Amino acid sequence: MAAVTIDSLLQNPTLLFRPKAKVLLKPPRSLDCSRNRKLPLSRGSCLCSFNPRRTIHVVRASSSETALIGNFDISSSDDILYKDIFPVKRIEKVEGKFFIRLDRSKDQHDWQFTVGCSLPGKWILHWGVSYLGDSGSEWDQPPKGMRPPGSIPIKDYAIETPLKKLSEGDIFHEVKIDFNPISEIAAIHFVLKDEETGAWYQHRGMDFKVPLVDYLEDDGNIVGAKRGFGVWSGALQQFSNVLLKSEASHADSQNNSIESKDSKNKNRCLEGFYEEQSIVKEVSVGNLVSVAVRKSPETGKVVVCLETDIPGDVVVHWGVCRDDAKIWKIPAAPYPPETTVFKNKALRTLLQPKATGNRSGALFTLDEEHFGFLFVLKLDDNTWLKFKENDFYVPLLGTSSVPGQYGQSDSTSEEISSKSYTDGIINEIRNLVSGLSSEKSLKTKKKEVQESILQEIEQLAAEAYSIFRSSITTVPDEVVSETETTKPAVKISSGTGTGFEILCQGFNWESHKSRRWYMELKEKASEISSLGFTVIWLPPPTESVSPEGYMPKDLYNLNSRYGTIDELKELVKSLHEVGMKVLGDVVLNHRCAHFKNQNGVWNIFGGRLNWDDRAVVADDPHFQGRGNKSSGDNFHAAPNIDHSQEFVRKDLKEWLGWLREEIGYDGWRLDFVRGFWGGYVKDYLEASGPYFAVGEYWDSLSYTYGEMDHNQDSHRQRIVDWINATNGTAGAFDVTTKGILHSVYCTWLLLVLALGSGKM
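Reading guide: rules and limits
- Residues numbered from 1 in each chain as written.
- Predicted model: local features only at pLDDT ≥ 70, side-chain atom pairs only at ≥ 80, totals over all residues.
- Heavy atoms only, no water.
- Helix = DSSP H or I, 4+ residues; strand = E, 2+ residues; numbered from the N terminus.
- Buried < 20%, exposed > 50% of the residue type's maximum accessible area, 1.4 Å probe, protein only.
- Patch = residues over 30% accessible without salt bridge, like charges linked within 9 Å, V, L, I, M, F, W, Y side chains within 5 Å.
- Areas by Shrake-Rupley, 256 points an atom, 1.4 Å probe, with all protein chains shown as cover.
- Salt bridge = Lys/Arg side-chain N within 4 Å of Asp/Glu carboxyl O.
- Pairing = 2+ DSSP bridges.
- Contact = heavy atoms within 4.5 Å.
- Core = buried A, V, L, I, M, F, W, Y, C linked by side-chain atoms within 4.5 Å.
- Phe/Tyr/Trp six-rings, centres within 6.5 Å; stacked < 30°, edge-to-face > 60°.
- pLDDT = per-residue confidence, 0-100.
- Axes fitted to C-alpha atoms, helices over the stretch in contact; angles between N-to-C directions.
- Parallel < 35°, antiparallel > 145°, perpendicular 65-115°, else oblique.
- Left-handed = near helix turned anticlockwise from the far one by under 90°.
- Nonpolar A, V, L, I, M, F, W, Y, C, P; charged D, E, K, R; others polar.
- Expected span 1.5 Å × (residues − 1).

Visitor: Looking at this model, I keep getting lost on the overall build of the protein chain. Mind explaining?
Guide: A tally of regular secondary structure across the protein chain gives 13 helices and 32 strands. Counting across all 760 residues of the protein chain, residues that qualify as buried make up 48%.

What follows is the structure in C-alpha cells.
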C-alpha cells in the first residue's frame, strides 16, 4: 500500500487520535437472524424477518398425510430421489457456578483468596490490588510473592492467572492467592475471563473488589463479608454467605474516624466468607438437519421428509418455489399436523418428536409441478437458523439426477464430522496465534511459554494437514491440463485489499472551513482518479464538537462542517463512478457526551446511541466512567469508550454496517487505534466486511537526551503488534518511517539554513 497526498488538495494533512478494556457480565447475545432487517434480497435467498404477533390461521392435516409418516424412513435408500444433510450451528446457554472465598491458609498465619468456576472453558483471573492511601479506581500489580505460579503481568497494572483443576475429578477450575494480612494491601480487584469465547464477567459493570480493611468506601462493586456492606443483587444474586470470623477483635468503631490508615491496617479484622453465584456461558452447538425426497407410489406426489436432532420445539417456516428464482409460494394442501399460515406468504409447521431417538421431524406432500422446497428453522421468537446465511433449499424437479445440493453423499455424516473437527483445529490455531501475537503476550510471557504455544500450533497444524491429505482424491492428468488453462480470480481478503492500493487523503486540516467540501471534492473526482489513485480517504462524517470532525458526538448525525449527508452520498457515488474505493474516517476510541451526570461531569450520551457512563472507561479521572480499565492509552479531551462492554460493541458494529449500506463506504481509516485493543478492531472489521482498512497507530519515536535514536525497531514493532492483534484484518500507517523522514528533512533543512547564513 502507498499513501500519498496531493498538494493542491491537501496543504496540511494531519492525523488525530485514542481506551483499555476488560470485563463484561453478560455473555454475547444468542443468534438472532431476524434482527437484521436491511439485508438485501437476492435470487438465492429470502429475507425472513417476521412479526409473530399477527393473526395465525390453523390448517388441519389430512389423514393421508398422517398415514405417510410411518411409511417414510429417511435412513432408507429405497426410492430416495434426493438426500442431503445440512450442518447448522446454534447458541446454547450453559449455566454453572462461580464462587469467591476468603479464609485462613493452612498455616493459620496467612490468608488465602480463592476464585473458582464450574463451567468448562479456559478461565483466566485478571486481577490486581489497591494499596492503602490509593484513590480512584486504578489497580496495581501485587507483590511478586503473592502471584501464583503461571501468572503473567499485564502492562503495569494487573496480573493474569489461569484457573486450573486440582485433580481430574474436580468440578471447579480454581486459583488460590496467598497473602499476609499485615501488609499495605487494602483490597483485591479482579474480573473473570473465558479465553474460549472472549467473554469477560464482572460485578455490576465493574470489577469485583474484595476489601481487606474495614474503612474502604463502598463504591458499588465490593463483595465479601464486611461490616456495613450489603449483599449482591441484580444479575448476580447471592446463593450463600458463610461468615468465618477470625479470632482478632474489631477496633473501636468510634475511633476509626481519627485513626491513621497505618494504625487501621495493624488493627484491621479480616472476616472470611464464601459466596457462590450463578454464571451463564453461551456456547456454539452443532446439529444436523436431514432432508430426503421421494415420489409416493400411492398418490404420485412428491414427499419431503425433514428431520433434525435439535432439541426442544422446532418450527419449520417453509414454502415452495416454481423456478430457480426461489421466490416463496404457499403450496396447496395437504399440510403436516401443527401447521399454520403466516401472512399468506409461508407456512409454519411444528416438528413432531420421533418414536425412536432424540429427533423430531415432519413430512411434506407436494405436487410435482414445484421446482424446489424452501425453509428456515425457528427455535424461538429471536432465533432463526439458516444454512450459510441463506434459506435451506431442496430441489424437487429432476431430483433423481441431483446428488445433493451441497455435494454430500451417503458418507455425509462422516464428512461433516471431519469438517467440524478440522474447523475446530483451525479456530484453535487462530486463538493460539492471536494470543502469541498480542502485545501483552510478546512483552510478558516467558520464553518457555511461547515455545510451548508454538509446539502446540505445530502439532495442530500437522494434524489438520494429515486430515487434508487423506481427503484428497486423485485427479486424471487430462483434467489437470484443462484446469491449468483457466486462471482463478484473485481473492481479496477483507480489510487488506490487493496490496497495490494508492491512497489519497481527500482533505486537510482547513477543508471544513469551506462548509461545502464534499461538493468541491466531487468536482475533482475524475482528476484525482486520472492521477492513479485507487482509494480515497474522506474526513470524519459525524457531527463533532471540533470542526475537523475528530470529537464526534451523535454518530448517526452525518451533517457536518464538510457538508450534508446527501452531499456525502453524492460524493461517494461520483468517486465510485470513476473507479475509486472510498474510506470513511471513523473515530471509535472516544465520543463527546450530550449531558452531565449528577456530579456535573460530561459522560451521558444522547442521540440514537444513548449510552450512560458504563460506556466510559473507569481509569480516566476526567470523566468518572463506570466501565472497565482502558485497553490502551487514554485520550483525555473526551470520554474514552469502553469497548469491553457488549452493548458498545454491538452498537458500533451496527453503526459501521449502517455506514457501509447507507453511505456506500468501502472501508475505514481507523482513528487513534492505540487507544483500544486491536482484538476489538478485528471484531468490528469482521462485522462490517470492509474492502480496505488502515489504522492510525501514532505514538512517539524513541529519543535519548532529546536526540532521535538510530534504531526505531521498538516503535515499528508496536505498530506490528497492533496489526497482529487485529489478526491481520487491517493494515496500519507506517508512522515510524514517516517520523524518521521528518527528522531527516528537518536536519537537512537546518543544515541548508546554516550553510546559507555562513555559520558553517
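Visitor: Got a minute to help me understand a nonpolar patch on the surface in this structure?
Guide: Side chains of Y745, W748, L749, L750, V752 and L753 sit close together on the surface and give an oily, nonpolar patch of about 620 Å² of accessible area. As for its placement among the helices and strands, V752 is situated in helix α13 (residues 735–757). On the accessibility criterion, V752 (36% relative accessible area) is partly exposed.

Visitor: What is the right way to read the pairing of strand β19 (residues 360–366) from this model?
Guide: Each regular strand shows side chains that alternate between the opposite faces of the sheet. Within β19, seven of the seven residues are buried, which leaves it mostly tucked inside the rest of the structure. Because side chains alternate across β19, one face comprises the buried residues S360, A362, F364 and L366, and the other comprises G361, L363 and T365, equally buried. By the bridge criterion, two bridges tie strand β18 (residues 352–353) to β19 in an arrangement that is antiparallel. Bridging from a neighbouring strand, Q352 pairs with G361 of β19.

Visitor: Can you help me understand the pattern of salt bridges in this one?
Guide: It is possible for side chains bearing opposite charge to pair when their charged atoms get close. Throughout the structure, instances matching the rule amount to 26 salt bridges. The partner of D671 in a salt bridge is R669, and the shortest N-O contact between them spans 2.9 Å. Residue classification places D671 among the buried residues on the basis of a relative accessible area of 1%. Put simply, K682 and E686 hold a salt bridge, and the shortest N to O gap is 3.1 Å. A residue pair is termed a helical-turn pair when its members lie 3 or 4 positions apart in one helix, as K682 and E686 do in helix α11 (residues 678–688) at four residues.

Visitor: Whenever I open this one, the side chain of S702 confuses me. Can you help?
Guide: Inspection of the secondary structure assignment puts S702 in the loop between β29 (692–695) and β30 (703–704). Setting aside chain neighbours within four positions, we find S702 in contact with E707, M708, D709, Q712 and S714.

Visitor: Whenever I open this one, the nonpolar core confuses me. Can you help?
Guide: Most often, soluble globular proteins have nonpolar side chains that are buried together. Membership of the largest hydrophobic core comes to 67 residues, with the highest contact counts inside it found for L538, W655 and L659. With six residues, the top contributor of residues to this core is helix α10 (residues 646–662). With near-sequence residues (within four places) excluded, L659 lies in contact with L558, V586, G664, Y665 and W668. Listed in part, the 31 residues of the second largest apolar core include F98, I100, L119 and I188.

Visitor: How should I be thinking about the pairing of strand β3 (residues 82–104) in this particular structure?
Guide: Sheet topology places β3 next to strand β13 (residues 271–295); 21 bridges connect them, and they run antiparallel. Pairing of F86 across the sheet is with V289, part of β13. Pairing of β3 with strand β4 (residues 111–117) involves seven bridges; the strand directions are antiparallel. Residue pairing across strands places F98 opposite C117, the latter belonging to β4.

Visitor: Explanation requested: the packing of aromatic side chains in the structure shown.
Guide: Here a ring pair, both rings aromatic, is described through the centre-centre distance and the interplanar angle of the planes. One pass over the structure, following the stated rule, counts 28 aromatic pairs. Measuring from ring centre to ring centre gives 5.7 Å for W123 and Y201, while their planes differ by 55°; the resulting arrangement is tilted. On the criterion of sequence distance, the pair formed by W123 in strand β5 (residues 123–131) and Y201 in strand β10 (residues 199–201) is long-range, its members being 78 residues apart. For the ring pair W537 and F733, a centre distance of 5.6 Å and an interplane angle of 35° mean the geometry is tilted.

Visitor: How should I be thinking about the confidence of the model for the protein chain in this particular structure?
Guide: The predicted coordinates should not be examined in detail at positions where pLDDT is low. With 69% of its residues at a pLDDT of at least 70, the protein chain reaches an overall mean of 75. For the stretch residues 1–72, pLDDT sits under 50, and the model shows 222 contacts to residues farther than four places along the chain or on other chains. Confidence drops under pLDDT 50 across residues 469–493; counting only partners more than four residues distant or on other chains, this segment forms five contacts.

Visitor: What is the right way to read the packing of α10 against α11 from this model?
Guide: Each pair of packed helices can be described by the angle between their axes along with the distance between the axes. Look at α10 against α11: their axes get within 9 Å of each other, and the N-to-C directions meet at 40°. One finds that α10 runs oblique with respect to α11. Relative to α11, the crossing made by α10 is right-handed. Residues R649, L652, K653, L656 and R660 of α10 lie in contact with α11, whose contacting residues are Y680, D683, Y684, A687 and S688. Across the contact of α10 with α11, the residue classes tally to five nonpolar, one polar and four charged.

Visitor: What's the story with α10 in this structure? I'm lost.
Guide: For an α-helix the count is 3.6 residues per turn, leaving residues at separations of three or four pointing the same way. Taking 1.5 Å as the rise per residue, α10 with 17 residues should run 24 Å; its terminal C-alpha atoms sit 24 Å apart, in good agreement. For α10, the full list of buried residues reads E646, V648, R649, K650, D651, L652, W655, L656, W658 and L659. Those residues of α10 hidden inside the fold are in contact with α9 (565–577), β25 (581–586), β28 (667–670) and α11. With its phi angle positive at about 100°, G664 sits one or two positions after the end of α10.

Visitor: Before we go on, may I ask you to explain unusual backbone geometry in this structure?
Guide: Apart from glycine, the bulk of residues carry a negative phi angle, and the bulk of peptide bonds sit in the trans form. With an omega of 15°, the peptide bond running from A333 to P334 counts as cis. Turning to its location among the elements, P334 is positioned in the loop between β15 (315–321) and β16 (339–342). Despite not being glycine, K343 shows a phi value in the positive range, around 55°. Mapped onto the elements, K343 comes out in the loop between β16 and β17 (346–350). Relative accessible area serves as the criterion here: at 33%, K343 is assigned to the partly exposed category. Within the chain, R515 stands out as a residue other than glycine whose phi angle is a positive 60°.

Visitor: I tried to follow α11 on my own but got confused; where do I start?
Guide: If you check which residues of α11 are buried, you get G678, G679, Y680, V681, Y684, L685 and S688. Structurally, α11 contributes buried residues whose contacts are with β10, α10, β28, β29 and α12 (713–725). Positive phi appears at G689, one or two residues downstream of α11, with a value of about 55°.

Visitor: Looking at this model, I keep getting lost on the environment of N358. Mind explaining?
Guide: With respect to the helices and strands, N358 occurs in the loop between β18 and β19. The sequence separation of N358 and P311 amounts to 47 residues, and the corresponding C-alpha distance is 7.4 Å. Those residues in contact with N358 that sit more than four places away from it in its chain are T308 and D309.

Visitor: Mind showing me how you'd approach the environment of W200 here?
Guide: On the secondary structure map, W200 appears in strand β10. When its relative accessible area of 8% is taken as the criterion, W200 is described as buried. In the structure, W200 is positioned 446 residues away from E646 in sequence and 9.5 Å away in space, judged by C-alpha atoms.

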